[in-house]
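Chain and residue survey
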Amino acid sequence: MQGTVDGFSYGVVTPVVAYVMACLGGALGLRCTTRSLLVAHSWRPGWLALGSAAIGSGIWTMHFVAMMGFTVKEAPIHYDKALTFASLAVAIVMVGIGIFIVGYRGATGTALFTGGTITGLGVASMHYLGMAGMRLRGTLEYNTLTVAASVVIAMVAATTALWAAAQVRGFLWSLGASLIMGLAVSGMHYTGMAALSVHLHGSGAAPPGDSPAEILAPMMIGPLAFLLLAGVIVMFDPLILVGGRQADTRTTPRGGHPRRPYPVPRSGDRHAPAPRRGTRPRPGSRTPQNR
């Protein structure tokens, strides 16, 4: 017997809130990635770890907010708490690997492809591990082609988001990258849900586990508190300004503070310093030789 699946039992509320959560985590995480490109190597791992945790928390929260609107009309749904929180760890670790690759290798083609692929696979792994934590009186079945499409969506969009974040061109680039990251997570989630069908096993007692309402409070409190803390750190960091101005990486030394560039004298400039005694002028120069 096939179950009647409804992924939008609360209308557009859960998709919109889920997308906002994914964008919030992506914005904080990608800004931390941008910040890591402006600091000394000793500080870089901390910023990249903070960014990985922010993105992982955001996509995990997005997934379970969206799952609040998922129902199977003929069977109640419960969740295994261990697998539910294991999916959070998988998201943070795999996203972290991709973030660290781009953070240390830069926006090269190889680094973006590798980091984006791993980050996208982290998003997909979080989703399907979270789905494996569902407990209901039936079996979850997936369409292989649709699942493959959801994974490709996650990898392509994650690669694009990492590329935009690595440009270090101000707030608008990071905002665009976070919107793309939110699109990657949401698009992957709902494409994966479109691949799902539920085959019910008949009547019986409700399976063990926590209901969505019972895991909602701890699910929201922990990640949201962390995202709030990460937002405060990013907001008050001196090299991440909301107005979009950032330190010029071409003149930024290891300490992370911009170096004032020295003026380069132009030919014919009356303020240009005279050549030192004993030097020979270049051919065509109008500066008289000191005698």
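Look up: the structure comes first, before these words.
Overview of the structure.

About the criteria used
Residues numbered from 1 in each chain as written. Predicted model: local features only at pLDDT ≥ 70, side-chain atom pairs only at ≥ 80, totals over all residues. Heavy atoms only, no water. Helix = DSSP H or I, 4+ residues; strand = E, 2+ residues; numbered from the N terminus. Buried < 20%, exposed > 50% of the residue type's maximum accessible area, 1.4 Å probe, protein only. Contact = heavy atoms within 4.5 Å. Areas by Shrake-Rupley, 256 points an atom, 1.4 Å probe, with all protein chains shown as cover. Core = buried A, V, L, I, M, F, W, Y, C linked by side-chain atoms within 4.5 Å. Pairing = 2+ DSSP bridges. Axes fitted to C-alpha atoms, helices over the stretch in contact; angles between N-to-C directions. Parallel < 35°, antiparallel > 145°, perpendicular 65-115°, else oblique. Left-handed = near helix turned anticlockwise from the far one by under 90°. Nonpolar A, V, L, I, M, F, W, Y, C, P; charged D, E, K, R; others polar. Phe/Tyr/Trp six-rings, centres within 6.5 Å; stacked < 30°, edge-to-face > 60°. Expected span 1.5 Å × (residues − 1).

Within the chain one finds seven helices and six strands. N-terminal to C-terminal, the α/β element order of the chain is β-α-α-β-β-α-α-β-β-α-α-β-α. Classification of the 291 residues of the chain by burial places 45% in the buried group. Sequence separation of 24 or more characterises 83% of the internal contacts of the chain that already satisfy a separation of 6 or more. Just so you have it, the chain exposes about 15200 Å², and 65% of that area is on carbon and sulfur atoms.

With 47 residues, the main nonpolar core has Leu30, Ile59, Met67, Phe70, Val72, Met134 and Val185 as its most contacted residues. Broken down by element, this core gets its largest block of residues, nine residues, from helix H2 (residues 44-67). When neighbours within four sequence positions are excluded, Val185 is seen to be in contact with Ala22, Ile59, Met62 and Val123. Listed in part, the nine residues of the second largest apolar core include Leu28, Val39, Ala54 and Leu227.

Residues in a regular strand project their side chains so that they alternate between the two faces of the sheet. Alternating residues of strand S6 (residues 196-200) divide into Leu196, Val198 and Leu200, all buried, and Ser197 and His199, none buried. Both strand S5 (residues 138-142) and S6 contribute to a ladder of five bridges, which runs antiparallel. Paired with Tyr142 across the strands is Leu196, a residue of S6.

For the pair H2 and helix H4 (residues 109-132), interaxial distance at closest approach is 10 Å and the crossing angle is 40°. It follows that H2 is oblique to H4 by the angle criterion. Seen along the crossing, H2 lies across H4 with a hand that is right-handed. Within the contact between the two elements, H2 uses Ile59, Trp60, His63, Phe64 and Met67 and H4 uses Val123, Met126, His127, Gly130 and Met131. The residue makeup of the contact of H2 with H4, split by class, is seven nonpolar, three polar and no charged.

Right, let's talk about the side chain of Thr119 for a bit. Mapped onto the secondary structure, Thr119 falls in helix H4. Discounting chain neighbours no more than four positions away, the residues touching Thr119 are Met94, Val95, Gly98, Ile99, Ala158, Leu162 and Met181.

This part covers the packing of aromatic side chains. Tallied over the entire structure, the rule returns six aromatic pairs. Measuring from ring centre to ring centre gives 6.0 Å for Phe64 and Tyr79, while their planes differ by 75°; the resulting arrangement is edge-to-face. Placement of the pair is Phe64 in helix H2 and Tyr79 in strand S3 (residues 78-79), with a sequence separation of 15 residues. On the basis of relative accessibility, which here comes to 2%, the residue Phe64 falls in the buried class. Take Tyr79: its relative accessible area is 2%, and that puts it in the buried class. Taken together, a centroid distance of 6.2 Å and an interplanar angle of 20° make the contact between Phe100 and Tyr104 stacked. In this pair, Phe100 and Tyr104 are both assigned in helix H3 (residues 81-105), four residues apart and thus about one turn of the helix distant.

A few words on the packing of H2 against H3. Running from amino to carboxyl end, H2 crosses H3 at an angle of 140°, the nearest separation of the two axes being 8 Å. The angle between H2 and H3 places the two elements in the oblique class. In this structure, H2 crosses over H3, and the sense of that crossing is right-handed. The residues of H3 that touch H2, namely those facing Arg44, Pro45, Leu48, Ala49, Ser52, Ala53, Ile55, Gly56, Ser57, Ile59, Trp60 and Phe64, are Thr84, Phe85, Ser87, Leu88, Ala91, Ile92, Val95, Gly96, Ile99, Phe100, Gly103 and Tyr104. Here the residues of the contact of H2 with H3 are counted per class, giving 16 nonpolar, seven polar and one charged.

Helical periodicity: at 3.6 residues per turn, an α-helix aligns residues three or four positions apart in one direction. In this model helix H1 (residues 13-36) runs 35 Å from its N-terminal to its C-terminal C-alpha over 24 residues, within 8% of the 34 Å that 1.5 Å per residue would give. The element H1 is extensively covered by neighbouring structure, given that 17 of its 24 residues are classed as buried.

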